[in-house]
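Read off the chains here:
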Amino acid sequence: MRFRFELRPLADVRPWGGEKPSLHWFGLTDGWYWIEVGGHQLLRYSDRTLHRWAAKFGAERAFPYADYYVARLWEDVLEMVPTVLEPIPDDLVSFVTRDRDDWPRGDRTPQAETAEQWHAERSIYLGPLRNPPHIRWWRTITEDGDLVTVDWMHRPDAEIEFSCPLMGRVEVPTSVFVDAVTAFDRALLAAMDQRIHALETTGPPAGVTVDLNALRQEQQERALWLGRARAREVVTDADAVRLGVRELLGGGWSGPAG
């Protein structure tokens with residue numbers, strides 16, 4: 001399992017700001033990203049989608065992956081780490097593995113909203129992408145091992161297609177998930193350190209404002225984010241979630257009675 005990325009060449013990074021263009025840490029992470037797990041590349045576009053874009057825009061894409069600021073994926077992965085690392089109680093596994101389309105429509109009670117939110121917190125935010133897959137993560141500790149499950153699903157009728165199967169689920173040891181997050185963090189920080197050093201050496205592009213001192217300070221601050229994420233512990237009120245699950249699924253849930 002790996003979180004992969006490529007940064008756009010520095011000369012091609014698009015500044016922010018209209019009449020007063022500037023570059024900052026987040027904007028300098030402009031590039032491409034994807035996730036490798038179980039022999040699949042999540043967030044890789046299908047050949048058909050790539051060919052359609054080439055015909056429409058007249059140019060091939062540099063990489064067939066999600067094209068956005070890598071910091072967006074990095075931030076969202078780190079935000080999820082404490083939640084993903086909280087083991088799922090055995091009786092709630094059947095709920096977390098279910099798709100929201102299975103739930104009844106209509107207004108939610110506060111208890112049902114609690115269960116719904118608990119379920120949603122294990123989905124990674126991919127809002128900047130068009131027609132993205134729904135990717136979820138959760139941890140279980142059983143006699144079979146300490147595992148993180150990666151689950152994804154694409155809309156079959158979406159305008160934009162991705163190359164991996166429409167649905168999939170892969171289990172990896174929790175240590176592999178943690179190692180993948182750590183490697184992603186180190187790789188992005190190292191790439192940004194090189195990028196900042198290049199700007200310190202050459203200066204910003206003509207007409208673009210870059211606060212080099214602020215860049216260095218933010219680089220140092222962001223280097224602490226993973227440690228903070230690992231130190232933050234999530235403790236779920238499992239009984240409150242169970243009450244909501246009973247309302248959402250009723251007899252369709254195999255949890256404990258009472």
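Residues numbered from 1 in each chain as written. Predicted model: local features only at pLDDT ≥ 70, side-chain atom pairs only at ≥ 80, totals over all residues. Heavy atoms only, no water.

**Re the overall build of the protein chain**
For step 1, the next point in the chain: Regarding its fold elements, the protein chain presents 8 helices and 9 strands.
For step 2, the next point in the chain: Across its three principal axes, the protein chain shows a C-alpha extent of roughly 70 × 45 × 35 Å.
For step 3, the next point in the chain: Of all 258 residues assigned to the protein chain, the portion counted as buried reaches 45%.
For step 4, the next point in the chain: A separation threshold of at least 6 residues defines the contact pool for the protein chain, and within that pool the share at least 24 residues apart is 70%.
For step 5, the next point in the chain: Accessible area for the protein chain stands at about 13,400 Å²; split by element, carbon and sulfur atoms hold 50% of it.
For step 6, the next point in the chain: Across the protein chain, 30 positive and 40 negative side-chain charges occur, with their mean positions spaced 4 Å apart. (Helix = DSSP H or I, 4+ residues; strand = E, 2+ residues; numbered from the N terminus. Buried < 20%, exposed > 50% of the residue type's maximum accessible area, 1.4 Å probe, protein only. Contact = heavy atoms within 4.5 Å. Areas by Shrake-Rupley, 256 points an atom, 1.4 Å probe, with all protein chains shown as cover. Lys, Arg positive; Asp, Glu negative; His and termini not counted. Charge placed at Lys NZ, Arg CZ, Asp CG, Glu CD.)

**Some words on helix α8 (residues 238-249)**
For step 1, the next point in the chain: Given a rise of 1.5 Å per residue, 12 residues ought to cover 16 Å, and the 16 Å separating the end C-alpha atoms of α8 matches this to within 8%.
For step 2, the next point in the chain: Here α8 has its buried residues at Ala238, Val241, Arg242, Gly244, Val245, Leu248 and Leu249. What you see down the axis of α8 is that its buried residues fit within an arc of 165°, all on one side.
For step 3, the next point in the chain: Where α8 is buried, its residues contact α3 (93-96) and α4 (110-120).
For step 4, the next point in the chain: Directly after α8, the chain includes Gly250, whose backbone phi takes a positive value near 55°. (Expected span 1.5 Å × (residues − 1). Arc of directions from axis to C-beta.)

**Topic: the environment of Glu233**
For step 1, the next point in the chain: The residue Glu233 is located in the loop between α7 (225-231) and α8 in this model.
For step 2, the next point in the chain: For Glu233, a relative accessible area of 67% puts it in the exposed group.
For step 3, the next point in the chain: A sequence separation of 91 residues divides Glu233 from Thr142, and the C-alpha atoms of the two residues are 20 Å apart.

**Some remarks on the pattern of salt bridges**
Pairs may arise between side chains of opposite charge once their charged atoms sit close together.
For step 1, the next point in the chain: Per the counting criterion, the structure on display carries 21 salt bridges.
For step 2, the next point in the chain: Across the salt bridge formed by Arg8 and Asp30, the nearest N and O atoms sit 3.0 Å from each other. Highlighted residues: Arg8 in the loop between β1 (2-7) and β2 (22-23) and Asp30 in strand β3 (residues 30-37), separated in sequence by 22 residues. Like Arg8, the residue Asp30 is buried in the burial classification.
For step 3, the next point in the chain: A salt bridge links Asp239 to Arg242; the nearest nitrogen and oxygen atoms lie 2.8 Å apart. In this pair, Asp239 and Arg242 are both assigned in helix α8, 3 residues apart and thus about one turn of the helix distant.
For step 4, the next point in the chain: Each of Arg72, Glu75, Asp76, Glu218 and Arg222 takes part in salt bridges that share partners, so that together they form one network. (Salt bridge = Lys/Arg side-chain N within 4 Å of Asp/Glu carboxyl O.)

**Structural notes on the packing of α4 against α8**
For step 1, the next point in the chain: Relative to each other, α4 and α8 sit at 105°, their axes nearing to 7 Å. Here α8 runs roughly perpendicular to α4, going by the angle between their axes. Counting all contacts with α4, which are made through Gln111, Ala112, Thr114, Ala115, Glu116 and Trp118, the residues of α8 involved are Ala240, Val241, Leu243, Gly244, Val245, Glu247 and Leu248.
For step 2, the next point in the chain: Classifying every residue of the contact of α4 with α8 gives 8 nonpolar, 3 polar and 2 charged. (Axes fitted to C-alpha atoms, helices over the stretch in contact; angles between N-to-C directions. Parallel < 35°, antiparallel > 145°, perpendicular 65-115°, else oblique. Nonpolar A, V, L, I, M, F, W, Y, C, P; charged D, E, K, R; others polar.)

**Regarding the nonpolar core**
It is characteristic of soluble globular proteins that their nonpolar side chains tend to be buried jointly.
For step 1, the next point in the chain: Ranked by internal contacts, the top residues of the largest apolar core, which has 60 residues, are Trp25, Leu43, Ile135, Trp137 and Phe177.
For step 2, the next point in the chain: Beyond its immediate chain neighbours, meaning those up to four positions away, Ile135 contacts Ile35, Leu42, Leu43, Arg122, Ser123, Ile124, Leu126, Val150, Asp151 and Trp152.
For step 3, the next point in the chain: Counting 14 residues, the second largest nonpolar core, distinct from the first, contains Ala112, Trp138, Val245 and Leu249. (Core = buried A, V, L, I, M, F, W, Y, C linked by side-chain atoms within 4.5 Å.)

**Topic: the packing of aromatic side chains**
For step 1, the next point in the chain: Enumeration over the complete set of coordinates arrives at 15 aromatic pairs.
For step 2, the next point in the chain: Ring geometry for Tyr45 against Trp53: centres 4.8 Å apart, planes inclined by 75°, an arrangement best described as edge-to-face.
For step 3, the next point in the chain: According to the relative accessible area criterion, Trp53 is buried, its value standing at 15%.
For step 4, the next point in the chain: One residue, Arg122, lies across the ring of Trp118, its end atom 4.4 Å from the ring centre.
For step 5, the next point in the chain: Directly above the ring of Trp225 sits Arg222, whose terminal nitrogen or CZ lies 4.6 Å from the centroid. (Phe/Tyr/Trp six-rings, centres within 6.5 Å; stacked < 30°, edge-to-face > 60°. Lys NZ or Arg CZ within 6 Å of the ring centre and 35° of its normal.)

**A short note on helix α1 (residues 47-57)**
For step 1, the next point in the chain: Every buried residue belonging to α1 is among Thr49, Leu50, Trp53 and Ala54, and all of these are buried. The arc that holds every buried residue of α1, seen down its axis, measures 135°, which confines them to one face. Within α1, the exposed residues directed more than 90 degrees away from the buried face are Arg48, His51, Ala55 and Lys56.
For step 2, the next point in the chain: Looking one or two residues past α1, Gly58 carries a phi angle of roughly 80°, positive in sign.

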